[in-house]
Amino acid sequence: MPYLLIKVWWVIGSLAGVISVGVGFTPAGWVLLNTVTIGMAVIGITLALALVRPWGMRIPGWLVAFVAWAGAGFLVSILPYAALSPLLDSGADGAGGAGGGAGGADEMPDWEGALAQFGFIGTGLGLALAFPAHMRRRWPDVFTGRVGDRPPATRPWAAVVAAVVGLAWLYWTAGGTLGIAQPGNRDTRWYMLTGLGALWALVGAAAVWALARARPARLPRVIPMALGWIGSGSLFAWSGWKLPLTLIVGLTHPDGVVPPEEVAVAMVLQLAAVVAGAGMLRVLVRTRAYGDAPRLTRFGG
């Protein structure tokens, strides 16, 4: 709710001319972007209620699962950054940096930043608790069995793509300059976000590979399912969010917005991450209830 109200104020205030638009944005672009995030906040609030209220069980399972997957990719995966970013003094807006494009960081009052950060951390923690509880009621088989309970499947190409993307981001985090156009524009927040993205890409890839190959056989299946869920969601959600923004930056070259990465290289990695995340989700859905066709059908539709 705090995040939603802040974004509503930004839209109304910019239209009324009482607050300025974010750096690098046109007035129309600023209103459009924040209207999109208002819609995302409304979806998040609805999901939060659906996970804990009885009427949520009447919503199609695939819809709840998909929204929760994307939401976990956005918020649960970013919790370490959201918790540490207030400690960083790089002059950037922690909520805008994590939220992907709020802009106007230099003009955001401290109370707005604190409320937005509270919203990110609180929603991420709430989702991390509420969705597993919802799954226990709706799909209890997810929490039973071991990785070796089903025979190996074909090698998951999505996990390989995710690993390649993760290694590329890890290379940048380690200071690599191949594919970097402006090395001097890499600040502490950029390194943290890139490194966190690399971590989840590699962890998610390893988890999905283990499920598909049924190794290690004695590992409880819930562990790679949870790690693969967050890792694939992080790849899909964050790169899906950044991809159109990177394209706009590459086409319009807005004043004051100079990303460290080569735009073409960043877009290729982001597109690969989106495809890999979706492919990894497909593996998770197909391996979660082997030998239990009715449950698998209900999850899919």
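Reference entry: report on the structure contained in this document. Owing to the predicted nature of the structure, the values given are computational and were not obtained by experimental measurement.

**Focus: the overall build of the protein**
- Along the backbone of the protein there are 11 helices and 0 strands.
- Order of helices (α) and strands (β) in the protein, N terminus to C terminus: α-α-α-α-α-α-α-α-α-α-α.
- Looking at the protein as a whole, 45% of its 301 residues qualify as buried.
- Taking the intrachain contacts of the protein between residues at least 6 apart in sequence as the baseline, contacts between residues at least 24 apart amount to 79%.
- Entry remark: accessible area of the protein is about 14600 Å², with carbon and sulfur atoms responsible for 70%.

**Focus: the packing of aromatic side chains**
- Per the stated rule, a full pass over the model turns up 10 aromatic pairs.
- Both rings, one in Tyr 3 and one in Phe 120, keep their centres 5.2 Å apart while their planes meet at 55 degrees; by these two values the pair is tilted. Remark: Phe 120 occurs in helix H6 (residues 110-138) and Tyr 3 occurs in helix H1 (residues 2-16); sequence separation between them is 117 residues. An identical accessibility class is assigned to Tyr 3 and Phe 120; each is buried.
- Stacked on the ring of Phe 143, the Lys or Arg Arg 136 has its end atom at 4.2 Å from the ring centre.

**Thoughts on the nonpolar core**
- Leu 51, Leu 127, Phe 131, Trp 169, Trp 229 and Leu 235 are the most contacted members of the largest nonpolar core, which has 65 residues in total.
- Of all the elements, helix H8 (residues 188-213) adds the most residues to this core, at 9 residues.
- With sequence-adjacent residues up to four places away left out, Trp 229 is seen in contact with Ala 65, Ala 68, Trp 69, Ala 72, Phe 131, Leu 281 and Leu 284.

**Section: the side chain of Lys 7**
- Its location among the elements puts Lys 7 in helix H1.
- Looking at Lys 7, the relative accessible area reads 3%, which means it is buried.

**Details of unusual backbone geometry**
- The peptide bond linking Arg 215 to Pro 216 adopts the cis configuration, its omega dihedral lying at -5 degrees.
- Along the chain, Pro 216 falls in the loop between H8 and helix H9 (222-252).

**Overview of a nonpolar patch on the surface**
- A surface patch of nonpolar side chains, amounting to about 300 Å² of accessible area, comprises Trp 9, Ile 12 and Val 18.
- Locating Val 18 in the fold gives a position in the loop between H1 and helix H2 (27-52).
- Relative accessible area serves as the criterion here: at 53%, Val 18 is assigned to the exposed category.

What counts, and at which threshold
Residues numbered from 1 in each chain as written. Predicted model: local features only at pLDDT ≥ 70, side-chain atom pairs only at ≥ 80, totals over all residues. Heavy atoms only, no water. Helix = DSSP H or I, 4+ residues; strand = E, 2+ residues; numbered from the N terminus. Buried < 20%, exposed > 50% of the residue type's maximum accessible area, 1.4 Å probe, protein only. Contact = heavy atoms within 4.5 Å. Areas by Shrake-Rupley, 256 points an atom, 1.4 Å probe, with all protein chains shown as cover. Phe/Tyr/Trp six-rings, centres within 6.5 Å; stacked < 30°, edge-to-face > 60°. Lys NZ or Arg CZ within 6 Å of the ring centre and 35° of its normal. Core = buried A, V, L, I, M, F, W, Y, C linked by side-chain atoms within 4.5 Å. Patch = residues over 30% accessible without salt bridge, like charges linked within 9 Å, V, L, I, M, F, W, Y side chains within 5 Å. Salt bridge = Lys/Arg side-chain N within 4 Å of Asp/Glu carboxyl O.

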